[in-house]
Amino acid sequence: MSIRVLSLVALLACAAAAVSGLAIDGRPQVLPAPIRVGVDVSDDAKVREARAVTDFLGTLGSYGAPRAGSVDQSFYIGGVYPGDRQILAKTVQRSSTILTVHKEYINFSSTATIHCIQVVDLLKTGKNAVVTVQSGGIGQRNVSIKFKSRRGGKINYVVIIWGQ
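Criteria and cut-off values
Residues numbered from 1 in each chain as written. Predicted model: local features only at pLDDT ≥ 70, side-chain atom pairs only at ≥ 80, totals over all residues. Heavy atoms only, no water. Pairing = 2+ DSSP bridges. Helix = DSSP H or I, 4+ residues; strand = E, 2+ residues; numbered from the N terminus. Axes fitted to C-alpha atoms, helices over the stretch in contact; angles between N-to-C directions. Core = buried A, V, L, I, M, F, W, Y, C linked by side-chain atoms within 4.5 Å. Buried < 20%, exposed > 50% of the residue type's maximum accessible area, 1.4 Å probe, protein only. Contact = heavy atoms within 4.5 Å. Salt bridge = Lys/Arg side-chain N within 4 Å of Asp/Glu carboxyl O. pLDDT = per-residue confidence, 0-100.

I keep staring at the sheet that holds strand β3 (residues 103-109) and nothing clicks. Help me out?
Sheet strands associate in pairs through backbone hydrogen bonding, adopting either a parallel or an antiparallel arrangement. With respect to topology, three strands assemble into an open sheet ordered β3-β6-β5, the strand pairing being antiparallel. Looking at strand neighbours, the two that pair on one side only are β3 and β5 (130-136), the edges of this open sheet. Sheet twist, expressed as the mean angle between neighbouring strand axes with direction ignored, is 15°. Strand direction decides the pairing type here: β5 and strand β6 (residues 142-148), joined by six bridges, are antiparallel. Of the residues in β6, the one forming a bridge with V130 is K148.

Explain the nonpolar core here, please?
Across soluble globular proteins, you tend to see nonpolar side chains buried next to one another. Ranked by size, the top nonpolar core spans 19 residues in total, and within it I106, F108, I145, F147 and I161 carry the most contacts. At the level of elements, β2 (85-94), β3, β4 (114-121), β6 and β7 (155-163) are the ones that each hand at least two residues to this core. The element best represented in this core is β7, accounting for four residues. Apart from the residues lying within four places of it in its own chain, the contact partners of I161 are R85, Q86, I87, L88, F108, I114, C116 and V143. Among the nonpolar cores identified, the runner-up in size contains seven residues, and Y76, V80, C116 and V120 belong to it.

Explain the sheet that holds β2 here, please?
Across the sheet, four strands lie side by side as β1-β4-β7-β2; this open sheet has antiparallel pairing. Each end of this open sheet is capped by a strand with a single partner; those strands are β1 (75-78) and β2. Each adjacent strand pair in this sheet contributes to an overall mean axis angle of 10°, direction not counted. Both β4 and β7 contribute to a ladder of seven bridges, which runs antiparallel. Directly across from I114, in β7, lies its bridge partner G163.

When you look at the pattern of salt bridges in this model, what are you seeing that I'm missing?
Pairs may arise between side chains of opposite charge once their charged atoms sit close together. Considering all chains together, one arrives at two salt bridges under this definition. In this structure, K124 engages D72 in a salt bridge whose closest nitrogen and oxygen atoms are separated by 3.5 Å. Here the residue K124 occupies a position in the loop between β4 and β5, and D72 occupies one in the loop between α2 (43-59) and β1, the gap between them amounting to 52 residues. Judged by relative accessible area, K124 falls into the partly exposed class, the value being 42%.

Just checking my understanding: could you explain the environment of L122 for this structure?
Inspection of the secondary structure assignment puts L122 in the loop between β4 and β5. Counting along the chain gives 33 residues from L122 to I155, while the straight-line C-alpha distance between them is 9.0 Å.

Even after reading the chapter, I still don't get unusual backbone geometry, so can you show me in this structure?
Trans is the prevailing form of peptide bonds, just as negative phi is the prevailing case for residues other than glycine. Unusually for a residue other than glycine, L99 sits at a positive phi of about 60°. Residue placement: L99 occurs in the loop between β2 and β3. Judged by its relative accessible area of 64%, L99 falls in the exposed class. With a phi close to 55°, K124 is a non-glycine residue in the positive phi region.

I would appreciate a short explanation of the confidence of the model for the protein in the present structure.
Low-pLDDT stretches of the model should not have their predicted coordinates read in fine detail. When pLDDT is averaged along the protein, the result is 75; 57% of the residues meet or exceed 70. Contacts from residues 33-39, a stretch scored under 50 in pLDDT, to residues over four places away or in other chains number two contacts. Here residues 56-66 scores under 50 on pLDDT; set against residues more than four positions off or in separate chains, the count is 16 contacts.

Explain the environment of T113 here, please?
Position of T113 among the secondary structure elements: in the loop between β3 and β4. Considered as a pair, T113 and G139 are 26 residues apart in the sequence and their alpha carbons are 5.8 Å apart. Those residues in contact with T113 that sit more than four places away from it in its chain are G139, Q140, R141, W162, G163 and Q164.

What follows is the structure in structure tokens.
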């Protein structure tokens, strides 16, 4: 899969997070209200728009926190807002070595504010590395992410960061 396709999938997943209003742990997340200047939309139009968005998101499958028993360990934190741009797309890979635990780090700093961190699992076996955000993150201008493999396991992720 190319990085462009993965970027598109990440954008759609972050948009789904922003529309659903749920954080990774399933609790409602607080999002700023969209600003509409000089637009008065009827209630019927809002209902039709919400139904269309819900129908579209239903075709995408499940995104967000990995579910129990899931082999896909992809997840996202935050959401994509209008005007956001992709500020980082990086592949993190490390081959397996017998009885060795590998650690990889991404330290990212920018002048842009981070709104969404998308981590895409490329293995899809359920045996990929554990990913933790060490510092920074959503609403910050920097983030430090740690990848720690299982003993004898691989690391194979794509990290995409969105912000403005």
